[in-house]
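A closer look at the structure
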Amino acid sequence: MASVALSEAEKVYIVHGVQEDLRVDGRGCEDYRCVEVETDVVSNTSGSARVKLGHTDILVGVKAEMGTPKLEKPNEGYLEFFVDCSASATPEFEGRGGDDLGTEIANTLYRIFNNKSSVDLKTLCISPREHCWVLYVDVLLLECGGNLFDAISIAVKAALFNTRIPRVRVLEDEEGSKDIELSDDPYDCIRLSVENVPCIVTLCKIGCRHVVDATLQEEACSLASLLVSVTSKGVVTCMRKVGKGSLDPESIFEMMETGKRVGKVLHASLQSVLHKEESLGPKRQKVGFLG
Amino acid sequence: MLKSKTFLKKTRAGGVMKIVREHYLRDDIGCGAPGCAACGGAHEGPALEPQPQDPASSLCPQPHYLLPDTNVLLHQIDVLEDPAIRNVIVLQTVLQEVRNRSAPVYKRIRDVANNQEKHFYTFTNEHHRETYVEQEQGENANDRNDRAIRVAAKWYNEHLKKMSADNQLQVIFITNDRKNKEKAIEEGIPAFTCEEYVKSLTANPELIDRLACLSEEGNEIESGKIIFSEHLPLSKLQQGIKSGTYLQGTFRASRENYLEATVWIHGDNEENKEIILQGLKHLNRAIHEDIVAVELLPKSQWVAPSSVVLHDEGQNEEDVEKEEERERMLKTAVSEKMLKPTGRVVGIIKRNWRPYCGMLSKSDIKESRRHLFTPADKRIPRIRIETRQASTLEGRRIIVAIDGWPRNSRYPNGHFVRNLGDVGEKETETEVLLLEHDVPHQPFSQAVLSFLPKMPWSITEKDMKNREDLRHLCICSVDPPGCTDIDDALHCRELENGNLEVGVHIADVSHFIRPGNALDQESARRGTTVYLCEKRIDMVPELLSSNLCSLKCDVDRLAFSCIWEMNHNAEILKTKFTKSVINSKASLTYAEAQLRIDSANMNDDITTSLRGLNKLAKILKKRRIEKGALTLSSPEVRFHMDSETHDPIDLQTKELRETNSMVEEFMLLANISVAKKIHEEFSEHALLRKHPAPPPSNYEILVKAARSRNLEIKTDTAKSLAESLDRAESPTFPYLNTLLRILATRCMMQAVYFCSGMDNDFHHYGLASPIYTHFTSPIRRYADVIVHRLLAVAIGADCTYPELTDKHKLADICKNLNFRHKMAQYAQRASVAFHTQLFFKSKGIVSEEAYILFVRKNAIVVLIPKYGLEGTVFFEEKDKPNPQLIYDDEIPSLKIEDTVFHVFDKVKVKIMLDSSNLQHQKIRMSLVEPQIPGISIPTDTSNMDLNGPKKKKMKLGK
């Protein structure tokens, strides 16, 4: 993972600041940096989003393709994740340098998103055992400025919200052979419900307190952090400890509570931004470097 | 301004793809009206007229432009092509839709749009900032296109108003879609249906005839009775074909029986290759050449191909019962093994309609506007058309296009397209047979001519590169009299070592026709020169065919030479190919060359050269025949034309001299040598010619016929066939051998061009050669041009190009060439048939000796050796009592009353031109000898009035 080298004095300065609920950039412990979200940025995907969280810059594209359902879940579609750690984010990712991180993030994303309680996988099924939609979620790391997981999860949720899957009909004749017919109206498409799609809130243990949305410098001061995935209703769906240090049960409970609280607020503001953006309609001028 | 267009597409693998295209909108696209200040009017190509002086329309008297929608363009292209219709705006949206739906109509509209006289303007509305529309929610692609068209129409009307205040110019939207028209009128666009508009053109009433009559869906139930079962939709057919319930194939109507057809099944399915369809209902509105889906009937309903000759003569629609009776007539008891797979058409996969030539059969009812049209091609059913000019069209050759065939109609509906001229006129008939056989015969376009070398032409230094100078050799050409496109010349000389050097020099056409240019494309399209009795339709422009490429005597010409060193036993010791420059010393006819060889006192260079060639040719021919090459025969005729009227005054069968076979022998040798060379060099993409061995069943008729004369014909190999044909002689019947050879020719398969990488059977059955190609006539065959290019690359005399080594492209070329060659042959035959008619018209009625070639159930097919003419003698006529006919399929023989007819029997027939039926003037033959009371006509009544009673009979039949 991308990291910065800090001197002992700098670390002390940060730790002491956190102790006082005052972070280097002036935030409190439960404050997020400013998040920029823009959807529908890549026109040849089914859905896409770009999220900027401080210096962290993430682009997510969702591509819907037809496939066959998995044997154990004959009437569900599924999601596939691929995370590309671009070398433009940090020179360490050059060559195969980013592969380990990419796989780690992808595995986390599988655990959090690819289940029917987060995404309604049944709507992705076209005909049981034969055809279903497979959503290929491609995550591209453009810049790392700390708190990757949270930024990625926001971007994935925004991209899923933006995803439009063409509506298809299965025609069946007397002989039982099936043919797939595509609607010729491009507006005739399925939207996914993102109601239950969780977001990740990462809590970094710094000193005796914990902070959300840690910057790279803050991450360098933390020995252990907790990844909590929270739905908009404040339900924790998944939890994972990251880092080499240990956490005592009491502080885990505390951190979970913080995660729930912060997560609910995060969901609410994301939701309102997404709806606001959509209400601008297709004529909205695109901004950002892809506009 | 940049927009991106996004659309979804289904991939072949069944997936769905999202495709994004960039789409640029511009604001500098002109409206096409000259003098429009806003657009600057600066653009090239045809434009609209500033003040259209169109034939006055009673609906909109002021000057106007027309703006048709897609369906009008697709269905009423014949109207739009009429010179009376000018100033039409063709939208890009419309053009694109037309292109997706019908390639031929697209080509036609492009041709019209390029014609300056027509003032058609193509407006790129999809890229115009103000007329571009995006697909909206809940709108399908068709609705969007309709809206785009309306938006453009509206824009035009507003735009033209801006031009000047007192401008009366209007754009009229033409659509046949009722809803679209209503919407347009709501939006303030003047809109009419095509029919309304054309009918309002009071000055051009003839245009109404060219309207395609498309019945709107609601009207279809008008005359209740449904004759045909419904066609299944394409999606069902495809599923059925996939699952094997239906079979897909090409529908081929029978020329001799309108109630019967065969379907050639596509694919490699060995059994059921050919399916028989019998009866109107089973044919189910399929028309010759359509791609159809058929369903096999249960074995109990299988039938055998009938040997009855039946022509559709009914005028009346309600004759369906009668048809059924006729259908029953086809189903006579036949032995089990004669039964063939039988089926019925369940749906049409692709229509292959084209405009058909033919004549009008005027309706009996005087005022009626509905008439039947009888196509010249007997495989095409009659077509019902609506016209007001029936009386002027009577007795003319006309072109009619089919619009559709409703389920309740006995005949398809169509509309009048073009009047070709009076029937029987030589120009009209030639035009008809060229059109019917799809022979491209328009004069060469400017684009094509621009690639011709500039005159005066001479050989330059550059041309001499990679070329051998053979001008010193004593080369001469031998051709039929009057030949101006000489593509081969020969020489033969003795070398110092005692061996002979033989050269075949072929016109170097590929030097002038460079790959890929318009000249090359046009020649590739034409494929072959077509020789009609009095006309030649050139494959390459005349400058090349009769001058620069023609190896005329005493001028320097570029050639491609194939030079062998041979010993006196005609064994090839060395072969050399080279591009060369030659100077022919003499252009001889076959007769002149023969004369030189035969006259002992001529000993000049040319004559010795000819004698040497002749000697070698004889050895070559003998060797070829030993290998099993077939000598077949087909009666060929040549007309003596009157030099002024160009009417045939005499007929003569072609005479064959030794020199004919001498030239032929060396051409064969050159072709074989070249074939070997190019295949050696380009094993995957050599253009070769093969002649497949016919299946044994083809010979059945020949073997049976010979057996009836106590002769045995062996057909297991080409060699045994050749030998048994040689042995089949009868001392009392000298012509028998020729007849057998004519029959054998009919058993053969077609020789075809193919690409060596696409096939592995190269054998040429007729010539008994393992490999063969065409090299020797590049002026008149495109295949030879390709072979020249391949050979030139092989010997390093020319450079290659990508298409030359693309075997799929080559396979496409072969396909076209095979088609063109077949069509050229048919056109040639049709031309001979027409001239034979002209000949007998002037000659009157004659009686001649004839031989029976085939025996049919109710007729015999005879050959008259004197004229090389073949004809059918019918024994059943409508108003006469039917004689008792007993047909035996095994021998085969036909017994009429007490007389039995066998194949090869000698008969005497009376030949006359039957013009009672103006539709098809034909040579009619009737039996004179042997005499059968009630059937044969007495020999002495030569001035019988043939036309009188026949006319009466037609009326009775109605």
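Remember, it's a predicted structure, so these values are computed and weren't measured experimentally. (Residues numbered from 1 in each chain as written. Chains lettered and ligands numbered in written order. Predicted model: local features only at pLDDT ≥ 70, side-chain atom pairs only at ≥ 80, totals over all residues. Heavy atoms only, no water.)

**Examining the overall build of chain A**
Where we set the bar: Working definition: helices are DSSP H or I runs of at least four residues, strands are E runs of at least two. Numbering for both runs from the N terminus. Exposure is judged per residue with a 1.4 Å probe applied to protein chains only, and the accessible area is read against the type maximum: over 50% gives exposed, under 20% gives buried, and values in between give partly exposed. Every residue pair with non-hydrogen atoms within 4.5 Å of one another is taken to be in contact. With residues, only the protein chains shown are counted as cover, and all accessible areas are computed by Shrake-Rupley using a 1.4 Å probe.
Along its length, chain A carries five helices and 14 strands. Taking all 291 residues of chain A together, the buried fraction comes to 51%. Summarising the internal contacts of chain A: among those between residues at least 6 apart in sequence, 69% fall at separations of at least 24. Total accessible area on chain A stands at roughly 13,900 Å², and carbon and sulfur atoms take up 52% of it.

**Some words on the overall build of chain B**
Helices and strands together make up the secondary structure of chain B, namely 26 helices and 37 strands. Taking all 958 residues of chain B together, 52% fall into the buried category. Residue pairs in contact within chain B that sit at least 24 positions apart in sequence constitute 67% of those at least 6 positions apart. Split by element, the accessible area of chain B, about 45,600 Å² in all, is 49% carbon and sulfur.

**Considering the nonpolar core**
Test applied: Residues enter a nonpolar core if they are buried and are Ala, Val, Leu, Ile, Met, Phe, Trp, Tyr or Cys, with the set joined through side-chain atoms within 4.5 Å.
Core analysis: the largest hydrophobic core is formed by 85 residues, its most contacted members being Leu544, Trp564, Leu610, Met662, Phe666 and Leu687 of chain B. With sequence-adjacent residues up to four places away left out, Leu544 of chain B is seen in contact with Leu452, Pro453, Phe512, Ile513, Leu519, Cys549 and Ser550 of chain B. Grouped together as the second largest cluster of nonpolar side chains are 70 residues, Tyr32, Ala49, Ala89 and Leu270 of chain A included.

**So, empty space enclosed by the protein**
Residues and elements named next belong to chain B. How we decide: Cavity means a closed set of points on a 1 Å grid over the protein atoms alone, one where a 1.4 Å probe fits but cannot get out, pocket means an open set with protein on both sides within 12 Å along at least 5 of 7 lines, and lining means a residue has an atom within 4 Å of a point. Grid points are joined across faces, edges and corners, and a volume is the space filled by probe spheres set on the points. Amino acids outside the nonpolar list (Ala, Val, Leu, Ile, Met, Phe, Trp, Tyr, Cys, Pro) and the charged list (Asp, Glu, Lys, Arg) are all regarded as polar, and Gly is one of them.
Tallied over the entire structure, the rule returns nine cavities of 30 Å³ or more. When its volume is computed, the largest cavity comes out at roughly 80 Å³. Looking at the largest cavity, the residues that line it are Leu66, Pro68, Val72, Gln76, Val79, Leu80, Ile85, Ile174, Cys194, Tyr197 and Val198. For the lining of the largest cavity, the secondary-structure elements that each account for two or more residues are strand E3 (64–68), helix H2 (77–80) and helix H7 (194–200). Ranked by the residues each element gives to the lining of the largest cavity, the list is headed by H7, at three residues. Grouping the constituent residues of the lining of the largest cavity by class yields ten nonpolar, one polar and no charged.

**A closer look at the packing of aromatic side chains**
Operational definition: Ring pairs shown here join Phe, Tyr and Trp side chains whose ring centres sit within 6.5 Å, with only the six-membered ring taken for Trp; geometry is labelled stacked below 30 degrees between planes, edge-to-face above 60, and tilted in between. Charges are assigned to positions over rings by a cutoff of 6 Å between ring centre and Lys NZ or Arg CZ, combined with an angular limit of 35 degrees from the ring normal.
Here the structure, examined in full by the defined rule, presents nine aromatic pairs over all chains. Ring geometry for Phe123 of chain B versus Trp155 of chain B: centroids 5.2 Å apart, planes at 15°, classification stacked. Pair noted here: Phe123 of chain B is in strand E5 (residues 120–123) and Trp155 of chain B is in helix H5 (residues 141–163), with a separation of 32 residues, a long-range link. Exposure class is identical for Phe123 of chain B and Trp155 of chain B. Each is buried. Considering the side-chain rings of Phe754 of chain B and Phe762 of chain B, the 5.4 Å spacing of their centres and the 50° angle between planes classify their relative orientation as tilted. Here Phe754 of chain B and Phe762 of chain B have matching classes, each one buried. An aromatic cluster is present here, built from Phe81, Tyr110 and Phe113 of chain A joined pairwise through their rings. Geometry around Tyr78 of chain A places Lys70 of chain A over its ring, the cationic atom sitting 4.2 Å from the centre. If you follow Arg689 of chain B out to its NZ or CZ, it ends over the ring of Tyr753 of chain B, 4.6 Å from the centre.

**Observations concerning the side chain of Thr529 of chain B**
Residues and elements named next belong to chain B. Counted only if it meets this: Here a polar contact is taken to be a pair of N or O atoms separated by no more than 3.5 Å, where protein atoms must pair a possible hydrogen donor with a possible acceptor and residues adjacent in sequence count only if both atoms sit in side chains.
Examined against the element boundaries, Thr529 turns out to sit in the loop between helix H16 (518–526) and strand E22 (530–531). Residue classification places Thr529 among the buried positions, given a relative accessible area of 4%. A polar contact of 3.1 Å, which involves the side chain of Thr529, links it to the backbone nitrogen of Met539. If near-sequence neighbours (up to four positions away) are discounted, Thr529 is found in contact with Arg536, Ile537, Asp538, Met539, Ile779 and Arg780.

**Quick word on the sheet that holds strand E8 (residues 246–253) of chain B**
All names here are of chain B. Test applied: Strands are treated as partners if at least two bridges between them are detected by DSSP. The convention used is that axes are lines fitted to C-alpha atoms, helices contributing only their stretch in contact, and that angles between N-to-C directions extend from 0 to 180 degrees.
Strand order in this open sheet of five strands is E10-E9-E8-E11-E12, and the pairing throughout is antiparallel. Each edge of the open sheet is held by one strand with a lone partner, namely strand E10 (274–278) and strand E12 (343–350). In this sheet, adjacent strand axes meet at a mean angle of 40° when their direction is disregarded. Here strand E11 (residues 291–296) pairs with E12 via six bridges, running antiparallel. Directly across from Ile291, in E12, lies its bridge partner Lys350. Sheet strands touched by helix H9 (residues 234–243): E8, E11 and E12. Its angle to E12, the strand with the most contacts, is close to 120°.

This is a description of form; function is not addressed.
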